[in-house]
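# Architecture at a glance
Read off the chains here:
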Amino acid sequence: MTRIPDAPMVSVVMAVRNGQAYLRDAMDSILSQTLADFELIVVDDGSTDRTPDILEDYARRDCRVRVLSQAPQGLSEALNRAISAARGKYIARMDADDVALRERLARQVAFMETHPDVGLLGTAVCEVDPDGRPRAVFTMPGNDEQLRRALIKFNPFFHSSVMIRRSVLEQVGLYSEEMRWAEDYDLWMRLARHTRLANLQEVLLKRRTEYGGSHSVRHEREQVRHALAIRWRAIRMGMYPITALPYLIRPVLMLVLPASLRRSLRSWQRRRGRIVRT
């Protein structure tokens, strides 16, 4: 059994509800990382399937796994509970249906250690279907200047790929429980006021996507409303000039489009190889 130090380098935080289908793949991908100096904190957000049994089995076999349970509250609340219990210098996100490549934590820690001015770091991802078959590889803007230009237009980070410097996170607070349909985008915007941003161009995560049934598709309208509020707040606070107001138009247009047209637009843009973010 691997022994975890009192203060690990990385705390990997995961929230799950009824995730039995892919949970073992996600857990195994973290526990087999080449960097062993981490803890994995999983919050079971009111699962009613076999998720609690799976988590108990992993916690019994590997002391790096810490399991917390709660009644159903939501992603933001579950992640905030995990982060509050975390002890690592860095906080790494992981979703219960994704797969991290073995070098993910090592590559991200190496970058953060040599770039102390960077507090938020994502990676490129390989999007896979529910059976794990690759669909496409997606990268986002890489350096701080590019990311700041992109941030007012769309969300330029894949949530499950990010690593956050704990000291910076303590300055800005945790995930917003009001912006629950764009909690990641809201946090990135707040982090951008205090730290530099970066994305590794290397694929270090397999991101599972189920079109038509995912969290993001079911709640598109709520996401659009929250994205609009986040961008307007950034302009009001002086993060962007008033000339950035046109970037509020797209969320408004998306908000009034019928769901079928929004899906068609996203599908068309994906075929052109573009990343679409509200």
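An account of the accompanying structure is given in this report. Note that this is a predicted model, so its numbers are computed, not measured.

The helix and strand inventory of the protein chain stands at 11 helices and nine strands. Scored against the burial criterion, the 278 residues of the protein chain give a buried share of 51%. When the accessible surface of the protein chain is summed, it comes to about 12500 Å², and 52% of that surface belongs to carbon and sulfur atoms.

Moving on to the packing of aromatic side chains. Applying the stated criterion to the full structure yields one aromatic pair. With centroids separated by 5.9 Å and ring planes inclined at 65 degrees, the aromatic side chains of F157 and W188 adopt a geometry described as edge-to-face. Here the residue F157 occupies a position in the loop between α5 (144-151) and β8 (163-165), and W188 occupies one in helix α7 (residues 183-191), the gap between them amounting to 31 residues. Comparing F157 with W188, the two get one shared label, buried. Lying over the aromatic face of Y58, R61 brings its terminal NZ or CZ to 4.7 Å of the ring centre. The positively charged end of R208 is found above the aromatic ring belonging to Y22, 3.9 Å away from the centroid.

Turning next to helix α1 (residues 23-31). Taken as a whole, α1 has its buried residues at L23, A26, M27, S29, I30 and L31. Tucked inside the fold, the buried residues of α1 contact β1 (10-16), β2 (38-45), α2 (51-61), β3 (65-70) and β5 (99-100).

What follows is about the packing of α7 against helix α9 (residues 220-236). Axis separation between α7 and α9 bottoms out at 10 Å; the angle between their running directions is 10 degrees. Between α7 and α9, the crossing angle belongs to the class labelled roughly parallel. The residues of α9 that touch α7, namely those facing Y185, D186, M189 and R190, are A227, I230, R231, R233 and A234. Among the residues making up the contact of α7 with α9, the classes are represented as five nonpolar, no polar and four charged.

Let us look at the packing of α9 against helix α10 (residues 249-256). Running from N to C, α9 and α10 point in directions that differ by 160 degrees, and their axes come no closer than 9 Å. It follows from the interaxial angle that α9 and α10 lie roughly antiparallel. Between α9 and α10 lies a crossing whose hand is left-handed. Within the contact between the two elements, α9 uses R221, V224, R225, L228 and R231 and α10 uses P251, V252, M254, L255 and V256. Grouping the amino acids of the contact of α9 with α10 by side-chain chemistry returns seven nonpolar, no polar and three charged.

Below, the discussion takes up the side chain of S76. For S76, the location among the structural elements is in helix α3 (residues 75-85). We classify S76 as buried; its relative accessible area is 1%. S76 has contacts with Y175, S176, E177, R180 and E183, leaving out every residue within four places of it along the chain.

What follows covers the pattern of salt bridges. Overall, the coordinates contain 22 salt bridges when judged by the stated rule. For R24, the salt bridge is made with D57, and the minimal N-O distance between the two is 3.6 Å. With R24 in helix α1 and D57 in helix α2, this residue pair connects regions lying 33 residues apart in the sequence. We classify D57 as buried; its relative accessible area is 17%. The partner of D144 in a salt bridge is R196, and the shortest N-O contact between them spans 3.7 Å. One end of the pair, D144, is in helix α5; the other, R196, is in strand β9 (residues 196-208), with 52 residues separating them in the sequence.

Definitions and limits used
Residues numbered from 1 in each chain as written. Predicted model: local features only at pLDDT ≥ 70, side-chain atom pairs only at ≥ 80, totals over all residues. Heavy atoms only, no water. Helix = DSSP H or I, 4+ residues; strand = E, 2+ residues; numbered from the N terminus. Buried < 20%, exposed > 50% of the residue type's maximum accessible area, 1.4 Å probe, protein only. Areas by Shrake-Rupley, 256 points an atom, 1.4 Å probe, with all protein chains shown as cover. Phe/Tyr/Trp six-rings, centres within 6.5 Å; stacked < 30°, edge-to-face > 60°. Lys NZ or Arg CZ within 6 Å of the ring centre and 35° of its normal. Contact = heavy atoms within 4.5 Å. Axes fitted to C-alpha atoms, helices over the stretch in contact; angles between N-to-C directions. Parallel < 35°, antiparallel > 145°, perpendicular 65-115°, else oblique. Nonpolar A, V, L, I, M, F, W, Y, C, P; charged D, E, K, R; others polar. Left-handed = near helix turned anticlockwise from the far one by under 90°. Salt bridge = Lys/Arg side-chain N within 4 Å of Asp/Glu carboxyl O.

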